[in-house]
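Structural overview for review
Chain residues, written in single-letter form:
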Amino acid sequence: MKVIFLGTPEFGVNVLKEIINSGHTVVGVVCQPDKPSGRGNKMVAPPVKIFAESKNLNVYQFVKIKTEGVQVLKSFNADIMVTAAYGQILSQEIIDICPYGIINVHGSLLPKYRGASPIQQAIINGDEYTGVTIMKTEVGIDTGDILISAKTKIEEDDTYGTLSEKLSILGGKLIVEALELIENGKAVFTPQDNDKSSHTKMFKKEDCFIDFNKTGKEIVDFVRGLNPNPIALFKLNNETYKVFNAKSICYTGDEVNGTILFASSKKGLIIKCKDGAVEVLEMTAPNSKRMLAKSYLNGKSLPEKGVLNV
């Protein structure tokens with residue numbers, strides 16, 4: 001079949017790769033526009049664009065696909081569109097362009113975790129399993145009928161980054177199976193049970209601050225779920241610190257949650273929480289690079305018994 005692929009982050013790369021390897025013809029790839037990154041605000045291309053151009057595929061980037069992309073998409077005369085974390089809502093006009101419509105690769109077991117951050121939320125909520133669903137795209141957000149799905153275990157050391165990679169590989173396998181079912185007229189789509197649905201949102205900076213009134217496990221899961229982006233945060237003396245890795249430890253003191261219990265290169269950075277304490281293992285301080293907390297505290301100091309801005 002002739003396929004238009006819409007995807008932007010790393011999650012979409014394995015999906016696109018498997019479509020190419022399966023023998024279908026990718027007639028066009030659509031990504032979000034390049035974005036500024038780093039201190040120099042250098043424009044950086046999304047991973048799907050980089051991969052697609054390495055395969056000599058035509059790449060298109062629309063600020064608003066609903067107004068800028070319709071005629072371009074129609075010009076491909078494609079059989080089907082596939083989306084995988086593209087990042088823009090599609091209009092009914094776009095959904096109706098291809099004879100087989102649009103199918104989406106979604107990083108959860110729908111109807112659970114519809115929306116923008118299903119992989120992060122599964123880790124943050126401490127779920128044991130998650131998975132990938134191939135569904136038909138409709139105007140609602142991830143509400144379309146399900147074609148196939150598969151689940152995978154969330155390991156204790158999984159982060160958003162590692163789990164996203166696993167689900168991307170799984171999604172690549174499933175999309176090939178889905179396209180074969182559709183092409184051979186064997187596709188059976190099943191409506192979702194809306195009564196079992198849950199929704200996720202895009203994380204904003206204010207959503208990323210650690211709540212030390214929660215348990216150690218909840219905090220560790222929160223940190224894992226936001227690594228490598230958008231990254232968990234805490235604030236001390238109105239300065240913001242990033243936390244990449246943490247662990248829950250036993251502690252029975254009665255200090256206020258958010259109190260820095262220890263801050264040294266020997267003991268590390270340990271902060272009181274609801275049921276004990278959390279040790280920050282890896283962090284970035286203001287105007288500093290990412291490093292082990294103990295390494296940071298070898299040359300810098302944080303106030304023991306100081307209380308974080310919670």
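Figured I'd write up the structure that's included with this text. Model, not experiment: these values are computed from the prediction.

Quick look at the side chain of Thr-130 now. Mapping Thr-130 onto the fold places it in strand β9 (residues 129-136). Contact partners of Thr-130, with chain neighbours within four places excluded, come to Gly-107, Ser-108, Leu-109, Ala-122, Ala-150, Lys-151, Thr-152, Ile-154, Leu-163 and Leu-167.

As a further point, take unusual backbone geometry. Cis geometry marks the peptide bond from Leu-110 to Pro-111; its omega dihedral reads 15 degrees. Within the secondary structure, Pro-111 sits in the loop between β7 (102-106) and β8 (114-115). With omega at 15 degrees, the peptide bond leading from Asn-227 into Pro-228 counts as cis. Of note, Asp-142 is a non-glycine position whose phi angle comes to about 60 degrees, a positive value.

Quick look at the pattern of salt bridges now. Per the stated rule, a full pass over the model turns up 11 salt bridges. Its salt-bridge partner being Glu-128, residue Lys-153 comes within 3.5 Å of it at the nearest N-O pair. Within this pair, whereas Lys-153 is found in strand β10 (residues 146-153), its partner Glu-128 is found in the loop between α6 (118-124) and β9, the two being separated by 25 residues in sequence. Asp-158 is the partner of Lys-166 in a salt bridge, and the nearest nitrogen-oxygen pair spans 2.8 Å.

It is worth spelling out the packing of helix α1 (residues 11-21) against helix α7 (residues 160-183) at this point. Relative to each other, α1 and α7 sit at 30 degrees, their axes nearing to 8 Å. With respect to α7, the element α1 is oriented roughly parallel. When you trace α1 past α7, the crossing you get is right-handed. Where α1 abuts α7, its residues Phe-11, Asn-14, Val-15, Glu-18 and Ile-19 lie against Ser-164, Glu-165, Leu-167, Ser-168, Ile-169, Gly-171, Gly-172, Lys-173, Ile-175, Val-176 and Leu-179.

Before going further, it helps to examine the side chain of His-24. As for its position among the elements, His-24 is in the loop between α1 and β2 (25-31). On the basis of relative accessibility, which here comes to 12%, the residue His-24 falls in the buried class. A polar atom in the side chain of His-24 sits 3.0 Å from the backbone nitrogen of Met-1. Dropping the residues within four chain positions of it, His-24 is found in contact with Met-1, Val-3, Ile-19, Leu-179 and Glu-183.

Two elements in contact, α1 and helix α2 (residues 47-54), have axes separated by 9 Å at closest approach and are oriented at 25 degrees. When the interaxial angle is binned, α1 and α2 end up roughly parallel. Classified by chirality, the crossing of α2 by α1 is right-handed. Where α1 abuts α2, its residues Gly-12, Val-13, Leu-16, Lys-17 and Ile-20 lie against Pro-47, Val-48, Phe-51 and Ala-52.

What counts and what doesn't
Residues numbered from 1 in each chain as written. Predicted model: local features only at pLDDT ≥ 70, side-chain atom pairs only at ≥ 80, totals over all residues. Heavy atoms only, no water. Helix = DSSP H or I, 4+ residues; strand = E, 2+ residues; numbered from the N terminus. Contact = heavy atoms within 4.5 Å. Salt bridge = Lys/Arg side-chain N within 4 Å of Asp/Glu carboxyl O. Axes fitted to C-alpha atoms, helices over the stretch in contact; angles between N-to-C directions. Parallel < 35°, antiparallel > 145°, perpendicular 65-115°, else oblique. Left-handed = near helix turned anticlockwise from the far one by under 90°. Buried < 20%, exposed > 50% of the residue type's maximum accessible area, 1.4 Å probe, protein only. Polar contact = N/O pair within 3.5 Å; in protein donor to acceptor, adjacent residues only side chain to side chain.

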